[in-house]
Amino acid sequence: MKTQSIEMQHGAMIVIDCGDVKVHAYQTKDLIDDEVIILEKAGKGIVVEIPPFKENIAELEQYIREKNIDIQAKLVSYHAAGSSFLPEVPSYATESANSYNTNGGGAALIRNFTKAFGDAFDSGIVLGKNILKAGKTQIAGIDMIVRPNDEAFEIELPEIKTVYMHMLGHDCHSIVPGAAAAEAMAANLQDYLDRGFETFLSAHYVPETRKDAETKIAYLKETEKLASESKDAAEFTAKMKAEFPGYSGENYLGMTAGAFFS
């Protein structure tokens, strides 16, 4: 695989050439560290997630025009804000994602971000008009396996041994809503490793490797262990900061502490 990094005015792009399929991973560098994925095959493309800030919307649309990618679908999982982005392109989502972004946690986040960021943030919500079912499908010539979950969905791309999920990040804290969730998240990553996936795409971090997934599994196991050894959220937070110095995402750590010690 060939990898190219492109610096842009507002964000940055990592292009991974996997042969017949190219992955364009757009790091928005916005106030909530979003990542938007473009999958390209034979000049046609799919966008996974949507950039919610207006300056990124303009920049990514310009990139798509310059690269002459015929975007045929927007797959909306966890990030539904940004209705001015490619409004003519059909949208796809699972029923779980539509619920999450209509009256679940996704909708609540959009309300909070709208208050926090004002006019710079495009609060228009994009719901999937085309419903994705669990299992195999093909869009724009790209084979994928849709894996719905309680919130939204993950996407497997067997052709390039790649998976898309909401959050990973080998050196940043994650939102871990309790011991059972930690075990489930670790098991999910281990399953991908056992089945030979090589590249891990997520909505808040640049593309990552098998080693990065292994690092996150160890993090999740240690999170559960330190929580079991702590008497309250303050002690747990202090132990996590000591164990994982320099990790970003302290707000996520705070949410994890609240979940374990609510």
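Please read these numbers as outputs of a predicted model, since none were measured by experiment.

Asker: Could you clarify how one ought to interpret the overall build of the protein in this entry?
Answerer: Of regular secondary structure, the protein possesses 7 helices and 13 strands. Its C-alpha atoms give the protein a radius of gyration of 18 Å, near enough to 18 Å, the size a compact globule of 262 residues would have. Here the C-alpha coordinates of the protein stretch approximately 55 × 40 × 35 Å along the principal axes. Scored against the burial criterion, the 262 residues of the protein give a buried share of 51%. Across the protein, the fraction of contacts at a sequence separation of at least 24, relative to all contacts at a separation of at least 6, is 59%. As presented, the protein carries roughly 12000 Å² of accessible surface, and 50% of it is formed by carbon and sulfur atoms. Positive and negative side-chain charges of the protein, numbering 25 and 39 respectively, have mean locations separated by a distance of 2 Å.

Asker: How do you make sense of the environment of lysine 2 when you look at a structure like this?
Answerer: Along the chain, lysine 2 falls in strand β1 (residues 2–7). Residue class for lysine 2 comes out exposed when judged on its relative accessible area of 66%. Along the backbone, lysine 2 and isoleucine 16 are 14 residues apart, and their C-alpha atoms lie at a distance of 5.8 Å. In contact with lysine 2, not counting residues within four places along its chain, are Val15, Ile16 and Asp17.

Asker: Even after reading the chapter, I still don't get helix α1 (residues 54–67), so can you show me in this structure?
Answerer: Side chains of residues three or four places apart in an α-helix project in the same direction, reflecting 3.6 residues per turn. Taking 1.5 Å per residue as the helical rise, α1 with its 14 residues ought to reach 20 Å, and the 20 Å between its terminal C-alpha atoms agrees with that figure. Considered for burial, the residues of α1 that qualify are Asn56, Ile57, Glu59, Leu60, Glu61, Tyr63 and Ile64.

Asker: I tried to follow the pairing of strand β2 (residues 12–17) on my own but got confused; where do I start?
Answerer: Consecutive side chains of a regular strand alternate in pointing toward one face of the sheet and then the other. β2 sits mainly inside the fold: 5 of its 6 residues count as buried. Two elements, β1 and β2, share 6 bridges in a ladder whose sense is antiparallel. Its bridge partner lying in β2, serine 5 is registered against isoleucine 14. The turn linking β1 back onto β2 is made up of 4 residues. Looking at chain direction, β2 and strand β3 (residues 21–27) are connected through 6 bridges and run antiparallel. Residue pairing in the sheet places alanine 12 in a bridge with glutamine 27 of β3. Where β2 hands over to β3, the hairpin turn is made up of 3 residues, of which glycine 19 adopts a positive phi near 100 degrees.

Conventions adopted
Within any chain, residue numbers begin from 1 and follow the written order of that chain's sequence. Under the rules for a predicted model, residues below a pLDDT of 70 receive no local features and side-chain atom pairs below 80 are neither given nor counted, while totals for whole chains, interfaces and linings still include all residues. The side-chain numbers reported here are obtained from all heavy atoms of the structure, hydrogens and water having been left aside. Under the DSSP-based scheme used, a helix requires at least four consecutive residues in state H or I and a strand at least two consecutive residues in state E, with every element numbered from the N terminus. The globule rule is 2.2 Å times the number of residues to the power 0.38, and the radius of gyration it is compared with is taken over C-alpha atoms. Three exposure classes are used, based on accessible area relative to the maximum for each residue type with a 1.4 Å probe and protein chains only: buried under 20%, partly exposed in between, and exposed over 50%. A contact between two residues is defined here by any heavy atoms of the two lying within 4.5 Å. With residues, only the protein chains shown are counted as cover, and all accessible areas are computed by Shrake-Rupley using a 1.4 Å probe. The sign given to each residue is positive for Lys and Arg and negative for Asp and Glu; His and the chain ends receive no count. Where a charge lies is defined by one atom per residue type: Lys uses NZ, Arg uses CZ, Asp uses CG and Glu uses CD. Expected span, for any helix, means 1.5 Å times one less than how many residues it has. Should DSSP find at least two bridges between two strands, the strands are regarded as paired.

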